[in-house]
Amino acid sequence: MELSKNFQHRESELQWYEHWNQAGYFHSVPDERPAYTIVMPPPNVTGVLHMGHALNNTVQDVLIRRAKMQGFNTCWVPGTDHASIATEAKVVAMLREKGIDKKDLSRDEFLKYAWEWKEKYGGIILQQLKKLGCALDWDRTHFTMDKDYYAAVIRVFLDLYNKGLIYRGVKMINWDPRAKTALSDEEVIFKQTNSKLYYVQYRLDTEREEYITIATVRPETILGDTAICVHPNDPRYAHLKGKFAFVPLINRRIPIIFDEYIDMEFGTGALKVTPAHDLNDYNLGLKHNLPVIDTLNDDGTMSEAATLYIGEDRFAVRKKIVVALKESGNLIKEEEYTNQVGHSERTDAVIEPRLSMQWWCKMEDLAKPALEAVMEDDIAFYPAKFKNLYRHWMGNIKDWCISRQLWWGHRIPAWYTPDNKMTVAATLEEAFAELSKSDASLTIDQIRQEDDCLDTWFSSWLWPMEVFGWNENPNNADLQYYYPTSTLVTAPEIIFFWVARMIMSGYEYMGKKPFDKVYFTGIVRDKQGRKMSKSLGNSPDLLALIDDFGADAVRFSVMISSPAGNDLLFDESQLEQGRNFSNKIWNAMKLVKGWEERVSDETSDEYAQFAIHWMEQRIAETGVELEAMFKDFRLSEALKTIYTLIWNDFCSWYLEWVKPGFEQPVSAKVFDKTISIFEQLLQLLHPYMPFVTEEIYHLLRGRKMGDDLMPLAMPAYNTDNATILKQGAMLQDVITSVRDARNKNQFKPKDQIILSVDTQHKDFYNATLDILQRQVNAEEIKFTSEQPASSIAVVVNTDKLYIEAFGKVIDFGVQKEQLAKDLEYLKGFLASVDKKLSNERFVSNAKPEIIEAERKKQSDAQAKIKVLEESLSSL
RNA sequence: GGAAGCAUAGCUCAGCUGGUUCAGAGCAUCUGCCUUACAAGCAGAGGGUCCGCGGUUCGAAUCCGUGUGCUUCCA
């Protein structure tokens with residue numbers, strides 16, 4: 001078979017993903033093996049794959065694939081969440097394009113469109129995950145508005161309500177006037193904004209014409225002012241106790257109040273108080289019994305209560321009112337001012353603090369066990385630094401606003417009579433039964449259900465239990481087997497939104513934590529360090545990257561640069577590195593495959609014994625290291641380690657050491673061992689780069705479909721020969737040193753040399769002679785005790801190597817320089833070691849093995865110095 | 001205003017419990033190679049006051065304090 005020049009990822013990816021799926025490797029059913037379970041953080045159903053997903057899901061896939069090889073029954077559950085605000089916004093936009101206004105639709109009509117939209121576009125992101133190679137159990141795909149899931153959400157709502165943990169109340173909330181819904185604090189993004197600070201004077205209700213000046217960035221809100229507040233210790237305003245002022249333009253008479261809340265330094269030290277439109281003002285209003293005048297409609301236009309500009313947009317009014325204030329002489333001055341302005345995470349509209357009746361969930365009791373679990377490492381966070389953040393939030397937890405003024409989502413199961421009596425019940429019939437108890441004349445068609453939906457996170461917090469069918473039967477076999485799940489992989493930015501709440505619901509409803517470990521990935525940033533986001537448009541097109549470089553290369557690039565919890569700057573050079581790595585392995589395969597037709601039983605393979613033995617030990621050594629790294633989620637370090645093992649140890653050293661000469665036969669043993677070694681390496685790499693490894697695994701021995709790498713059990717690694725590892729390193733050292741000397745003396749690669757070795761370790765050289773000879777292109781290697789005439793001397797450890805070449809003029813100056821430089825370094829090194837060892841406090845305080853190591857360093861350095869001095873003097 | 005994180009080669013970053021397996025990787029740079037798997041490659045090389053200062057210690061890139069700079073979270 002003709003093998004292509006490079007790895008052809010496009011065909012390979014399609015073929016293997018389909019094959020793994022068909023073979024059932026992705027699907028899990030409970031059995032006697034231990035389970036290793038991950039529930040995917042459900043992406044937004046409107047989403048398309050971006051770098052954050054690529055990172056997050058590659059991490060999960062690496063964990064799943066490795067666990068599978070280690071004998072776990074792995075289950076990785078895919079799914080999406082309904083993302084009420086984002087989806088509703090998309091559907092509204094889609095309808096608008098069709099010329100349909102949401103206002104003209106009934107709730108049911110709208111939902112019909114929404115479901116159509118979901119069926120059409122909602123699965124895109126899951127399909128894209130297949131391109132990335134994700135080993136997901138597709139039979140378990142869930143959606144947060146599936147019938148049973150919906151029922152679970154309603155059931156939890158009823159339960160919490162009955163426990164007294166859910167209540168209705170008027171509070172200051174974050175209002176998104178574009179989406180016309182409340183937002184939780186976490187959904188508001190504060191952006192630095194260039195604003196203006198307006199100084200406005202209010203006429204005092206005194207006989208003399210006196211004024212008090214306030215500063216505000218939101219002049220349109222003065223129409224809702226119900227007081228002016230100053231600091232009780234502020235001498236400027238002490239005389240105003242008990243006085244009143246008039247709101248400009250509308251001449252509302254409002255009191256001057258005194259409160260220590262005021263920052264005397266800010267503005268004029270006098271604050272206008274608008275309880276309906278500012279949280280702090282609201283609290284002041286409560287304290288001082290101020291009336292609340294709500295001057296805004298839900299769409300951000302002025303309400304009738306404003307009395308002026310009714311129906312006009314708040315920002316247009318801001319401009320107009322400034323003009324009006326100027327004309328009336330109330331505007332004193334304007335100042336440039338930068339402040340933090342809240343924007344909606346989803347619609348980017350400027351948030352209005354607004355008083356509103358909402359549904360709330362009490363968090364204090366739920367938070368307690370969830371906080372303890374993390375603090376006591378019953379649920380372990382990686383990296384642990386996020387425990388602090390978690391503790392801080394959980395310790396100061398506020399009640400959760402769970403209602404959203406949207407249609408797309410789980411409709412709150414609260415029911416009202418025409419005179420606004422309310423009950424909470426699963427169905428209309430139950431609600432009717434309850435409500436009619438106190439009103440016998442009530443008919444069922446008079447009852448109307450709450451319009452609001454629940455926050456999306458109020459459904460996704462049930463994810464780890466509900467994907468296994470908690471609602472239908474909490475004792476079902478799947479839930480018993482897979483819950484608690486093993487590892488949650490997510491971004492730190494949703495630690496409160498989601499992670500904390502899943503822990504709460506897990507304890508509340510399962511009595512158990514939802515997962516053992518939480519691994520927080522970093523945030524993917526672009527080259528300039530900006531977070532990749534849709535709004536910036538700086539996220540590369542992942543599918544294009546996969547197409548260009550291959551899924552393995554994309555996976556490589558995100559994994560190589562993502563130490564746990566640290567942000568990663570995404571750089572295309574890493575994609576190239578990944579692609580090149582695939583090709584390197586592909587070419588190594590071509591080399592080995594090329595030997596197949598030249599396998600012979602008669603060929604000597606003694607020369608290769610050392611190489612094989614050494615490589616096997618290197619793999620074992622690395623296998624042990626990898627185990628430790630995976631335990632700590634040092635995933636990028638693990639990949640680097642595997643990369644080095646394959647590229648350096650295997651390709652650069654091992655293959656060169658065992659490679660037969662041009663068109664020479666290769667022994668059956670070397671061939672077979674090399675393939676076995678290759679297969680072990682492919683297995684170690686497979687979790688990171690599944691496609692290229694599976695492809696080559698099959699090609700190496702011409703395996704049949706079904707005889708696959710993906711489910712192959714991984715051996716337990718342990719090293720039993722430290723000596724050969726040291727000898728391998730020594731051999732590399734000798735080879736590099738001789739090559740360096742060749743280079744420095746301008747030898748061409750083809751120039752042959754004669755190498756003479758003055759050593760105490762003849763056994764080592766005898767075992768590696770053939771390898772050494774080929775690697776340094778030596779015609780002959782012999783032992784000696786004297787430096788041959790006109791030879792280059794090289795010192796490696798305490799061995800002296802002499803290089804002779806015919807027809808080569810040797811530059812002793814270069815050589816002398818090199819030896820002198822080495823000697824100088826070593827003398828300095830020895831001096832530092834001597835100093836340490838002659839320090840009494842070191843000898844008495846340091847651990848014995850450290851002292852022993854220093855002694856060894858001392859004697860090694862002394863020996864080497866001696867050898868170097870001898871070489872120098874013989875020049 | 002409160003809190004956290006980061007500062008290591010030209011660039012992007014590793015460096016777990018303090019000790020030469022500790023100063024490392026990739027990219028970039030320099031030298032030599034179209035060597036019979038791979039030029040997306042091979043063989044070598046150069047390059048760093050581990051941000052400044054102070055402390056703990058026999059010993060600090062690593063621990064503590066402090067200053068500076070950047071980032072993020074909360075108010």
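Residues numbered from 1 in each chain as written. Chains lettered and ligands numbered in written order. Predicted model: local features only at pLDDT ≥ 70, side-chain atom pairs only at ≥ 80, totals over all residues. Heavy atoms only, no water.

## Quick look at the environment of G511
- Its place among the elements puts G511 in the loop between α15 (495-510) and β23 (515-520).
- Residue G511 is classed as exposed on the basis of its relative accessible area of 52%.
- Placed 196 residues apart in sequence, G511 and D707 show a C-alpha to C-alpha distance of 42 Å. (Helix = DSSP H or I, 4+ residues; strand = E, 2+ residues; numbered from the N terminus. Buried < 20%, exposed > 50% of the residue type's maximum accessible area, 1.4 Å probe, protein only.)

## Side note on unusual backbone geometry
- Here the bond from Y382 into P383 is cis, since omega is -5°, no more than 30 degrees from zero.
- By the secondary structure assignment, P383 is in the loop between β15 (380-382) and α10 (386-395).
- With an omega dihedral of 0°, the bond running from Y483 to P484 counts as a cis peptide bond.
- Counting through the fold element by element, P484 comes out in the loop between α14 (477-482) and β22 (485-490).
- A positive phi angle is found at Y309, which is not glycine, with a value near 55°.
- Residue placement: Y309 occurs in the loop between α7 (279-288) and α8 (314-328).
- Its identity as a non-glycine residue notwithstanding, D377 has a phi of 60°, on the positive side.

## Side note on helix α5 (residues 124-132)
- Those residues of α5 lying buried are I125, L126, Q128, L129 and L132. One side of α5 holds all its buried residues, which, seen down the axis, span an arc of 155°.
- The first or second residue beyond α5 is G133, which carries a positive phi of 100°. (Arc of directions from axis to C-beta.)

## Re the environment of E596
- Examined against the element boundaries, E596 turns out to sit in the loop between α18 (572-595) and β26 (599-600).
- E596 sits in the partly exposed class, given a relative accessible area of 38%.
- With 69 residues separating them along the chain, E596 and P665 place their C-alpha atoms 9.3 Å apart.

## Observations regarding the pattern of salt bridges
- Counted according to the given criterion, the structure contains 46 salt bridges.
- The salt bridge involving D61 is made with R65; its shortest N-O contact spans 2.8 Å. With a gap of four residues between them, D61 and R65 both fall in helix α2 (residues 51-69), about one helical turn apart.
- Overall, the relative accessible area of 0% leaves D61 in the buried class.
- Between D159 and K163 there is a salt bridge, with the nearest N and O atoms lying 2.6 Å from each other.
- In this structure K163 comes out as partly exposed when scored by relative accessible area, which is 40%.
- Each of D672, E679, R701, R703 and D707 takes part in salt bridges that share partners, so that together they form one network. (Salt bridge = Lys/Arg side-chain N within 4 Å of Asp/Glu carboxyl O.)

## Comments concerning the packing of α2 against helix α19 (residues 606-631)
- Remark: α2 packs on α19, axes separated minimally by 13 Å, with the N-to-C direction vectors making an angle of 130°. One finds that α2 runs oblique with respect to α19. Of the two elements, α2 crosses α19, and the hand of that crossing is left-handed. Side by side, α2 and α19 meet where V62, L63 and R66 of the first sit next to L626, E627 and F630 of the second. (Axes fitted to C-alpha atoms, helices over the stretch in contact; angles between N-to-C directions. Parallel < 35°, antiparallel > 145°, perpendicular 65-115°, else oblique. Left-handed = near helix turned anticlockwise from the far one by under 90°. Contact = heavy atoms within 4.5 Å.)

## Points about the confidence of the model for chain A
- For chain A, per-residue confidence averages 88 on the pLDDT scale, and 97% of positions sit at 70 or higher.
- Strand β25 (residues 568-569) is the least confidently modelled element of chain A, averaging 67 in pLDDT, while strand β2 (residues 73-77) averages 98, the highest of any element.
- Across the assembled chains, the prediction reports ipTM 0.92 with pTM 0.88. (pLDDT = per-residue confidence, 0-100.)

## Points about the packing of aromatic side chains
- According to the stated counting rule, one finds 38 aromatic pairs in the structure shown.
- With 5.1 Å between their ring centres and 85° between their planes, W400 and W461 make a pair best called edge-to-face. Within this pair, whereas W400 is found in strand β16 (residues 400-401), its partner W461 is found in the loop between α12 (457-460) and α13 (463-466), the two being separated by 61 residues in sequence. Here W400 and W461 have matching classes, each one buried. (Phe/Tyr/Trp six-rings, centres within 6.5 Å; stacked < 30°, edge-to-face > 60°.)

## Some words on the sheet that holds β22
- Ordered in space as β15-β23-β22, the three strands form an open sheet in which the pairing is parallel. In this open sheet, the two edge strands, each paired with only one partner strand, are β15 and β22. Here the strands of the sheet are splayed against their neighbours by 20° on average, with no regard to which way each runs.
- Relative to β23, β15 runs parallel, the two sharing three bridges. Looking at the pairing, Y382 lines up with Y519 of β23.
- Strand contacts of α15: β15, β22 and β23, with the helix running at about 170° to β23, the strand carrying the most contacts. (Pairing = 2+ DSSP bridges.)

## Comments concerning the sheet that holds strand β18 (residues 414-416)
- Read from one edge to the other, the open sheet built from three strands follows the order β19-β18-β20, with strand pairing classed as antiparallel. Strand pairing shows two members of the sheet lacking a second neighbour, β19 (422-424) and β20 (448-449), which therefore form its edges.
- Taken together, the three bridges between β18 and β19 define a ladder with antiparallel strand orientation. Looking at β19, one finds that W415 is bridged to T423.

## Remarks on the nonpolar core
- With 127 residues, the main nonpolar core has F650, Y654, F678 and Y688 as its most contacted residues.
- Take this core: its biggest share by element is 14 residues, from helix α20 (residues 635-658).
- Judged by nonpolar contacts, the second largest core, of 65 residues, contains C361, L366, W393 and A500. (Core = buried A, V, L, I, M, F, W, Y, C linked by side-chain atoms within 4.5 Å.)

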